[in-house]
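# Working through the structure, step by step
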Amino acid sequence: MTTALRTPVSACPACLAAPAAEAIAERAVPKDARISLSLPTAHCAACIRTVEDVLNAQPGVSAARVNLTLKRASIDAAPSVTPEDMIKALDRIGYPAHELDAGTIAATETDKAGRDLLMRLAVAGFASMNVMLLSVSVWSGAADATRDLFHWISAAITLPTIAFSAQPFFHNAWRALRNARLNMDVPIVLAILLAVATSLWETTLSGEHAYFDAALALTFFLLAGRYLDHRTRSIARSAAEELAALEVPRALLMVGGSPVETPIADIKVDDVILVRPGGRMPVDGEITDGQSELDRSLLTGETLPVFAEQGLAVSAGEINLTGPLTVRATAVGQDSSLHQMAELVAVAESGRNRYTSLADSAAKLYAPGVHILSALSFLGWLIYSGDARIALNIAAAVLIITCPCALGLAVPAVTTAASGRLFKKGLLIKHSTALERLAEVDTVVFDKTGTLTNGTPVLRGVQGYDRTDLSVAMALALGSGHPLSKSLADAAQAAGVVGATVNGLEEIPGYGTKGLWQGTPVFLGRAAWVGARPLASTATYLKIADRDPIAFQFIDAMRQGAVETVKALQDAGKDVILLSGDTAPAVEALAATLKITRWTAEALPSDKVQRIQNLTDKGHKVLMVGDGLNDTAALTAAHVSISPASALDAARVASDIVLLGNDLDPIADALATAVSATKRIRENFRIATVYNVIAVPFAIAGLATPLVAALAMSASSITVSLNALRLR
Amino acid sequence: MDVLVYLIPISLLLGGAGLVAFVYTVKSNQYDDPDGNSQRILSDTYDDAPKS
């Protein structure tokens, strides 16, 4: 990483202007832009080379580097290079890529918290190894002055190390105590402090037993658990947050007849906005001028584009397809339909049960238990022997033996292994308890458009059309940027059709394209425009002179792995439900292909939430898979949710797991992995408990020497970690 | 047991050297892409100007 070094400005009044001037200069001379892309399918040495070679070969790219761990490519390029070009270039060689938001990357790249934990872990590891060496000689019989010397050296190493390395535990414990709660960190801190205090006391009295090594080993193992936990979560979180927002926070405001780029926040009701073809509606409004077609699929799930003309009400989030539209804003900000959707999400969120993670419920049992046990053994020994020193020693031993090392490692070790496995398959676990919740799922609800299907139309049966018709249609289609036209042209090209020579090609926004072919007028566009009878499915119509119009029908292609995923889920005994905002015939057709018996069409966002709430009330644990704005509230209301990376920003934020690739396959795997991960976590808790049940009587009986404590602690931590690695 | 006077400082110094080396590797971003590094070494194109 290179940081731009700026010459320091000396303290003089005139220099106050310098930073401003510098800022202007920076704006005027654009520096190399850094583009970051997520590469979910990169996995091998060859991938690194192919991707880097292709990226470096692009004009304007000065350097490209792939990070395989984060599955990400960073590109230094001239400002003229756009991420879209890079994504296209990678797509051609078979690597799907998503743009990442450069601003958020800068914030997460250094990962300060992770590095901080790693430093503390390293220091604790260094200190515990040295103290362990010294302890070994004490255990093997060093006596008198030598033992005291070793104890003092141990103390000198331990005290500063604890002060530095155990800080995260101190902070967390203090925060919990201040709120009058108990968490896992309270017994940890108590054990560390008590061990260090009694050891110091013993050392000043030239005592035989000191627990410096135990205090350090405790810190080391627990920090290892924390670090694993942090690492898994930060990889997932940064990758999910950095997927660039699809919504553009700018609008073209018409000022005196010319468009001016303006932040959305500054748009007021009755402002007139220009929306170019391919652009998204920034606000709710009414069309004042222009004709076009609107794609509402992300909002409602409808796949058929809607004809738009003067007077039609539009909502924020719809995509303008063919012609430029001028829109008068009727609702902005708080009142827009986008914002109302957000409120629906908030309502769903408040209704969501707060899930108690396995670790939390274990801590709830564990924390008071060890405190009581330790206090009782202190009192017991005080009454029995009347010696506070012995009693305190025993109490410290009990706390150390019952140390939550294994408990602290039990969950992170498993989630690290599981998330790593799922990440390789292209799933990002965003939420720390998502895996546990995923394991409980018994009902899976799918959205249709964009989730089970790709959301892009594909021409049905290219071979079924006359080649002359196709070549004319292709020539007309090439004159338009409409998704149906693009798809038609691509399909024709793939079938080896060469476009006919069409003169005077003209696009009539909202209707279609027309031209002259061999002297006769030809039209490609909406049914009403060419005089055809409209079909129920998505189609475009070709009219050549006076002949009957020909319908080109499109289907929304199913996403890769959709059939397999639905079948795998049904085989695993899950209820699969299809909930879509699209029209009934389209939904029914898909449900039939996928063999889903329960489906609902024309569902409004609130219907989806209602349906999921009903299922939840009946005691079902629902997994919602969806991508659109209309799914956002439902994603939040479900027990656990997954959205594809192609989903809208809002949907991705609302879901617990993000699917990076185009394939749906990993979903079924994820459910299986989640179940086995949860099983391992429970096993780990059981192992930790067994260790405690065996070791605690020894500690209470006063038989736990520092050697026994060290053995018990390391053995349980290692068993738990190994058990986590068995995860398949 | 006079030898301890030398041995203990030596062992601490050696351990400390390891710690300093580790801190250096963390500071110089050597753990940013462990998977990639393990694969890159298999590549036969010589990368004479590795970028960070």
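Computed from a predicted model, the values in this text were never measured in an experiment. (Residues numbered from 1 in each chain as written. Chains lettered and ligands numbered in written order. Predicted model: local features only at pLDDT ≥ 70, side-chain atom pairs only at ≥ 80, totals over all residues. Heavy atoms only, no water.)

## A look at the overall build of chain B
Within chain B, the secondary structure is distributed over two helices and zero strands. By residue count, 17% of the 52 residues in chain B fall in the buried class. Entry remark: accessible area of chain B is about 4,000 Å², with carbon and sulfur atoms responsible for 66%. (Helix = DSSP H or I, 4+ residues; strand = E, 2+ residues; numbered from the N terminus. Buried < 20%, exposed > 50% of the residue type's maximum accessible area, 1.4 Å probe, protein only. Areas by Shrake-Rupley, 256 points an atom, 1.4 Å probe, with all protein chains shown as cover.)

## Describing the packing of aromatic side chains
All names here are of chain A. Applying the stated criterion across every chain, the model contains six aromatic pairs over all chains. Residues tryptophan 381 and tyrosine 384 carry aromatic rings whose centres are separated by 5.6 Å and whose planes lie at 90° to one another, so their mutual orientation is edge-to-face. Of this pair, tryptophan 381 and tyrosine 384 both sit in helix α12 (residues 358-385), separated by three residues, roughly a single helical turn. Under the relative-accessibility criterion, tyrosine 384 is labelled exposed at 68%. Of the aromatic side chains, those joined through ring pairs into one cluster are Phe307, Tyr511, Phe523 and Trp529. In this structure, arginine 120 packs its charged tip against the face of phenylalanine 164, placed 5.0 Å from the ring centre. (Phe/Tyr/Trp six-rings, centres within 6.5 Å; stacked < 30°, edge-to-face > 60°. Lys NZ or Arg CZ within 6 Å of the ring centre and 35° of its normal.)

## As for the interface of chain A and chain B
With 27 residues of chain A in contact, the opposing surface of chain B contributes 28 residues. Taken over both partners, the interface formed by chain A and chain B buries close to 2,300 Å², and the fraction arising from carbon and sulfur atoms is 61%. For the pair chain A and chain B, the interface holds one salt bridge. The partner of glutamate 52 of chain A in a salt bridge is arginine 40 of chain B, with the nearest N and O atoms 3.0 Å apart. On inspection of chain A and its partner chain B, the count reaches two residue pairs in polar contact (both at pLDDT 80 or more). Those elements that place two or more of their residues in the side of chain A that touches chain B are α2 (45-57), β2 (61-67), α5 (112-139) and α6 (144-165) of chain A. Counting residues per element, the side of chain A that touches chain B draws most heavily on α5 of chain A, which supplies eight residues. (Contact = heavy atoms within 4.5 Å. Buried area = accessible area lost by both parts, 1.4 Å probe. Salt bridge = Lys/Arg side-chain N within 4 Å of Asp/Glu carboxyl O. Polar contact = N/O pair within 3.5 Å; in protein donor to acceptor, adjacent residues only side chain to side chain.)

## Looking at the confidence of the model for chain B
Per-residue confidence for chain B averages 80 on the pLDDT scale, and 83% of its residues sit at or above 70. Confidence metrics for the complex model read pTM 0.71 and ipTM 0.81. (pLDDT = per-residue confidence, 0-100.)

## Some words on the nonpolar core
Residue and element names in this part refer to chain A. By size, the foremost hydrophobic cluster in this structure holds 59 residues, and its most contacted members are Ile162, Phe169, Ile192, Leu218, Ile400, Ile401 and Met713. When residues in this core are grouped by element, the largest group, 12 residues, is from α5. Leave out the neighbours within four places in its chain, and methionine 713 touches Ala214, Ala217, Leu218, Ile400, Cys403 and Cys405. Core analysis: the second largest hydrophobic core is formed by 55 residues, Ile429, Val444, Leu659 and Ile681 among them. (Core = buried A, V, L, I, M, F, W, Y, C linked by side-chain atoms within 4.5 Å.)

## Quick notes on unusual backbone geometry
At aspartate 270 of chain A, a residue that is not glycine, the phi angle is positive and equals roughly 80°. Relative to the elements of secondary structure, aspartate 270 of chain A occurs in the loop between β6 (258-263) and β7 (272-275).

## Re helix α20 (residues 562-571) of chain A
All names here are of chain A. Residues of α20 that are buried: Ala562, Thr565, Val566 and Leu569. For α20, the angular spread of buried residues about the axis comes to 95°, placing them on one side. A positive backbone phi angle near 85° is found at glycine 573, which sits one or two residues after α20. (Arc of directions from axis to C-beta.)

## Quick notes on the pairing of strand β17 (residues 502-508) of chain A
All names here are of chain A. Sheet analysis places β17 next to strand β18 (residues 512-517), joined by five bridges and oriented antiparallel. When the sheet's bridge partners are listed, valine 502 is paired in β18 with tryptophan 517. Two successive antiparallel strands, β17 and β18, enclose a turn made up of three residues, where glycine 510 displays a positive phi of approximately 90°. (Pairing = 2+ DSSP bridges.)

## Here's the deal with the pattern of salt bridges
All names here are of chain A. Inspection of every chain in the model, using the stated rule, returns 15 salt bridges over all chains. Of the charged contacts in the structure, one is a salt bridge between aspartate 270 and arginine 328, with a shortest N-O distance of 2.7 Å. Note that aspartate 270 is positioned in the loop between β6 and β7 and arginine 328 in strand β13 (residues 325-331), a separation of 58 residues in sequence. For aspartate 270, a relative accessible area of 48% translates into the label partly exposed.

## Let's talk about the packing of α5 of chain A against helix α1 (residues 4-27) of chain B
Think of two packed helices as two axes; the pair is described by the angle between the axes and how far apart they sit. Packing of α5 of chain A against α1 of chain B leaves a shortest axis separation of 10 Å and a crossing angle of 165°. Between α5 of chain A and α1 of chain B, the angle falls in the class roughly antiparallel. Every pair of crossing elements has a handedness; the one defined by α5 of chain A and α1 of chain B is right-handed. The residues of α1 of chain B that touch α5 of chain A, namely those facing Arg115, Leu118, Met119, Ala122, Val123, Phe126, Asn130 and Leu134 of chain A, are Ile8, Ser11, Leu12, Gly15, Gly16, Leu19, Phe22, Val23, Val26 and Lys27 of chain B. (Axes fitted to C-alpha atoms, helices over the stretch in contact; angles between N-to-C directions. Parallel < 35°, antiparallel > 145°, perpendicular 65-115°, else oblique. Left-handed = near helix turned anticlockwise from the far one by under 90°.)

## Quick notes on the sheet that holds strand β10 (residues 306-308) of chain A
Residues and elements named next belong to chain A. In space, the three strands of this open sheet follow the order β10-β9-β12, with antiparallel pairing throughout. Edge strands, defined here as strands with exactly one partner in the open sheet, are β10 and β12 (319-320). Here two bridges tie strand β9 (residues 292-295) to β12, and the two strands are oriented antiparallel to one another. Residue pairing across strands places leucine 294 opposite asparagine 320, the latter belonging to β12.

## Points about empty space enclosed by the protein
Residues and elements named next belong to chain A. In the structure shown here, the tally under the stated rule is two cavities of 30 Å³ or more. As a volume, the largest cavity reaches approximately 110 Å³. Forming the boundary of the largest cavity are 16 residues, of which Ile401, Cys403, Tyr691, Asn692 and Ser716 lie nearest the centre. Of all the elements in the fold, those that place two or more residues in the lining of the largest cavity are α13 (388-401), α14 (405-424), α25 (666-700) and α26 (706-725). The residue inventory of the lining of the largest cavity, partitioned by class, reads 13 nonpolar, three polar and no charged. (1 Å grid on protein atoms, 1.4 Å probe; cavity = no way out; pocket = protein on both sides within 12 Å on 5 of 7 lines; lining within 4 Å. Points joined across faces, edges and corners; volume = space filled by probe spheres on them. Nonpolar A, V, L, I, M, F, W, Y, C, P; charged D, E, K, R; others polar.)

## Here we look at the sheet that holds strand β14 (residues 427-429) of chain A
Residue and element names in this part refer to chain A. An order of β14-β26-β25-β24-β15-β22-β23 is seen for the seven strands of this open sheet, with the pairing classed as mixed. Unpaired on one side and paired on the other, β14 and β23 (598-600) mark the two borders of the sheet. In this sheet, adjacent strand axes meet at a mean angle of 20° when their direction is disregarded. Pairing between strand β24 (residues 622-625) and strand β25 (residues 640-644): three bridges, direction parallel. Pairing of leucine 623 across the sheet is with valine 640, part of β25. Running at roughly 160° to strand β15 (residues 443-446), α20 makes contact with β15 and β22 (575-579) of the sheet.

## Observations concerning the confidence of the model for chain A
The predicted model of chain A has a mean per-residue pLDDT of 79, with 87% of residues at 70 or higher. For residues 243-248 of chain A, every residue scores under 50 in pLDDT, and the model assigns this stretch 21 contacts once sequence neighbours within four places are set aside.

## Re the environment of leucine 13 of chain B
Within the secondary structure, leucine 13 of chain B is located in helix α1. Between the alpha carbons of leucine 13 of chain B and arginine 40 of chain B there is a distance of 34 Å; along the sequence they are 27 residues apart.

## A look at a nonpolar patch on the surface
Residue and element names in this part refer to chain B. A contiguous nonpolar surface patch, about 630 Å² in accessible area, is contributed by Val3, Val5, Tyr6, Leu7, Ile10 and Leu14. Along the chain, the position of leucine 7 falls in helix α1. By relative accessible area, which is 44% here, leucine 7 ends up partly exposed. (Patch = residues over 30% accessible without salt bridge, like charges linked within 9 Å, V, L, I, M, F, W, Y side chains within 5 Å.)

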